[in-house]
Amino acid sequence: MIDINKIWKETLSYVSSEITAVAYMLWMDSLTPICVKDNTLILLAPSLHAKITVNKNYKDIIRKALDKTRSSLIDVDVIIDEETGLYASEIDAARRNAPQMEAPAQKKQPQFIARYTFDNFVVGESNKLAYHASQSVAQNPGSAEGFLSFNPLFIYGDVGLGKTHLLHSIGNYITENHPELKVLYIPTEKLTNDYIEAISNNKEGEKGSFTFRSFREKYRNVDVLMIDDVQFLQKKTGLQDVVFHIFNELYQNGKQIILTSDRPPKEIGTLEDRLRSRFEGGLLADVGAPNLEMRIAIIRKKMLLEKLAVNDDVVYYLAEQFDSNIRELEGALSKVILYANLINKPYPDINTAKEALKNNQQKKVGLDSSDIINAVCSYFHIGKSDIISKKKTKDIVEARMIAIFLITELLSLPLVTIGQLFGGRDHTTIIHSRDKILAAQKESKEVARQIKDIKGMLNL
Ligand code: ADP
Ligand code: MG
């Protein structure tokens, strides 16, 4: 078994003799080896800026040093937090293989993304209720404030507007200020997988007695339970039933429950009434699209955090172009920075920005994944729930692949996120669909026409 920490230590000792102490402190010290994929050592950088710098200036040196360790590793790659999803199984494997003495380091593998904090969240008209409610819940989880009950706290709003950021902020705050409290964050897809696993284990183990004991144990023994994207509970009646019981048990014991969704409870189809009324029983807080001023503030904050520099014109340009999804806004900024680095312009101006985003059709104001999914569904006359379901009928599969292809082509969303949009599919499935349609589009006139028609529906 490869011990990546040991190899990295050795690598560093070679690297340290090759570069200045300052460069070492600034860049090498901040890298963490997290896994191995295809004989490549994957290092986690603390910021996009660090990733770019290391890739550009130090990768060769690291590669050479790695070679001297005589391990089976032949290359290195540097990634940032957002990309860890692509290496989930490798990271899991690396963690399992970590030697015993690494236990304290494991503890450092936190549940919450460090940069998703209240401090890093820009507050404005469109999200202030959700922000203040989240803070209040983080400070006093489970307790009622006067007449107002914040339990459950239900945060809803479109994709990319900060719901997950707020959940992690609550998590980070509680971990730091009430370390004695047990907080559990779970995306609904993960909950679904756990549930499916519980069912299959149960079938084998205790015939007929569906107690889901281990499953429920995990969720009832917490002080704060956060379930992200509960719209994915749609149509999952068995799981809804279990969530209902967990909810009641936690609630009755004064535990805090926080939920997010892309729509309010009453718009979540096939949600059992009793669960819906539980979801609505506390505080409903929405997050809306940020105004221009907020978008500018968000870009500036991100620049400050990641030590990035761009011209003021560029800040304004990005804020104007990307007005409905903060993830896309951030993605555009990263794209500009990466592009500028590529052409050796460390301080991008407006022309560089335009150039960088030239092929970025998401410039079409407001286009997002649900527009694309809706257009594909109405073009093929299939239901939105079918397209994200596991159904494998020919026409649904085709429509689904085309929707996936268009999303990868038109939006710069991470593959993992696209997988989530389609009912928690793996990123490899997304790549497969994209490539298949890319090829089909060239080979089949019909597919090419379908894509053209759908783009027409989107005014592209
Ligand atoms: P959602 O869960 O609503 O789809 P996320 O919480 O994943 O959205 O947010 C998408 C990205 O936008 C994240 O990188 C997040 O940090 C950033 N973001 C969202 N809202 C804000 C905000 N108000 N201030 C700063 N960054 C934000
Ligand atoms: Mg989210």
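Each remark here, short or long, concerns the structure printed above.
So, here is what we can say about the structure in this document.

Rules behind the numbers
- Residues numbered from 1 in each chain as written.
- Chains lettered and ligands numbered in written order.
- Predicted model: local features only at pLDDT ≥ 70, side-chain atom pairs only at ≥ 80, totals over all residues.
- Heavy atoms only, no water.
- Buried < 20%, exposed > 50% of the residue type's maximum accessible area, 1.4 Å probe, protein only.
- Helix = DSSP H or I, 4+ residues; strand = E, 2+ residues; numbered from the N terminus.
- Pairing = 2+ DSSP bridges.
- Right-handed = clockwise from strand over helix to strand, strands pointing away.
- Expected span 1.5 Å × (residues − 1).
- Arc of directions from axis to C-beta.
- Contact = heavy atoms within 4.5 Å.
- Axes fitted to C-alpha atoms, helices over the stretch in contact; angles between N-to-C directions.
- Parallel < 35°, antiparallel > 145°, perpendicular 65-115°, else oblique.
- Left-handed = near helix turned anticlockwise from the far one by under 90°.
- Nonpolar A, V, L, I, M, F, W, Y, C, P; charged D, E, K, R; others polar.
- Near = heavy atom within 4 Å.
- Polar contact = N/O pair within 3.5 Å; in protein donor to acceptor, adjacent residues only side chain to side chain.
- Areas by Shrake-Rupley, 256 points an atom, 1.4 Å probe, with all protein chains shown as cover.

1. A short note on the pairing of strand β6 (residues 224–228)
By the criterion of burial, β6 is predominantly enclosed, with five of the five residues buried. With burial as the criterion, each face of β6 is covered, one bearing V224, M226 and D228 and the other bearing L225 and I227. As judged from the five bridges shared by strand β5 (residues 183–187) and β6, these two strands associate in the parallel manner. Paired with L184 across the strands is L225, a residue of β6. Here four bridges tie β6 to strand β7 (residues 256–261), and the two strands are oriented parallel to one another. Paired with M226 across the bridge in β7 is I258. Regarding the hand of the β-α-β motif, the stretch spanning β6, helix α10 (residues 237–252) and β7 is right-handed.

2. Here's the deal with helix α20 (residues 427–443)
Compared with an ideal rise of 1.5 Å per residue, which puts 17 residues at 24 Å, α20 spans 24 Å between its outermost C-alpha atoms and is within 8% of the ideal. Taken together, the buried positions of α20 are occupied by H427, I430, S433, I437 and A440. Taken around the axis of α20, the buried residues stretch over an arc of 155°, which confines them to a single face. What points out from α20, more than 90 degrees from its buried face, is the exposed set K442 and E443. Buried positions along α20 lie against α18 (394–410), α19 (415–421) and α21 (445–457).

3. A few points about the packing of helix α9 (residues 213–220) against α10
Packing of α9 against α10 leaves a shortest axis separation of 10 Å and a crossing angle of 40°. Our classification of the angle between α9 and α10 gives oblique. Of the two possible hands of crossing, α9 and α10 adopt the one that is right-handed. Side by side, α9 and α10 meet where F215, R216, Y219 and R220 of the first sit next to L239, V242, H245, I246, E249 and L250 of the second. Looking at the contact of α9 with α10, its residues break down into six nonpolar, one polar and three charged.

4. A look at the site of ligand 1
Surrounding ligand 1, one finds 17 residues, the nearest of these being G160, T164, H165, R327 and E330. Between an oxygen atom of ligand 1 and a side-chain N or O atom of Y116, the distance comes to 3.3 Å. In this structure, G160 approaches ligand 1 through a main-chain N or O atom, which is 2.6 Å from an oxygen atom. Relative to its free-state accessible area of 560 Å², ligand 1 is covered by the protein chains to the extent of 95%. Elements supplying a minimum of two residues to the shell around ligand 1: α7 (163–177) and α14 (326–342). For the shell around ligand 1, a count of residues per class yields seven nonpolar, six polar and four charged.

5. Describing the pairing of strand β8 (residues 283–286)
Covered by surrounding structure in β8 are L283 and A285 only, the residues L284 and D286 on the alternate face being uncovered. In this structure, strand β4 (residues 153–156) lies alongside β8, joined through four bridges in parallel fashion. When the bridges of β8 are listed, L153 appears paired with L283.

6. Brief notes about the environment of G124
Of note, G124 is situated in the loop between α5 (103–107) and α6 (128–139). A residue is classified by how much of its surface remains accessible, and G124, at 15% relative accessible area, is buried. Linking G124 and L329, residues 205 residues apart in sequence, is a C-alpha distance of 16 Å.

7. Focus: unusual backbone geometry
Negative phi values dominate among residues other than glycine, just as trans dominates among peptide bonds. P152 follows N151 through a cis peptide bond whose omega is -5°. Residues other than glycine seldom take positive phi values, yet R70 does so here, at roughly 55°. Looking at the element boundaries, R70 is found in the loop between α3 (48–68) and β3 (75–79). Take R70: its relative accessible area is 77%, and that puts it in the exposed class. Even without a glycine there, the phi angle at K235 is positive, about 70°.

Any link to function would need more than the numbers given here.
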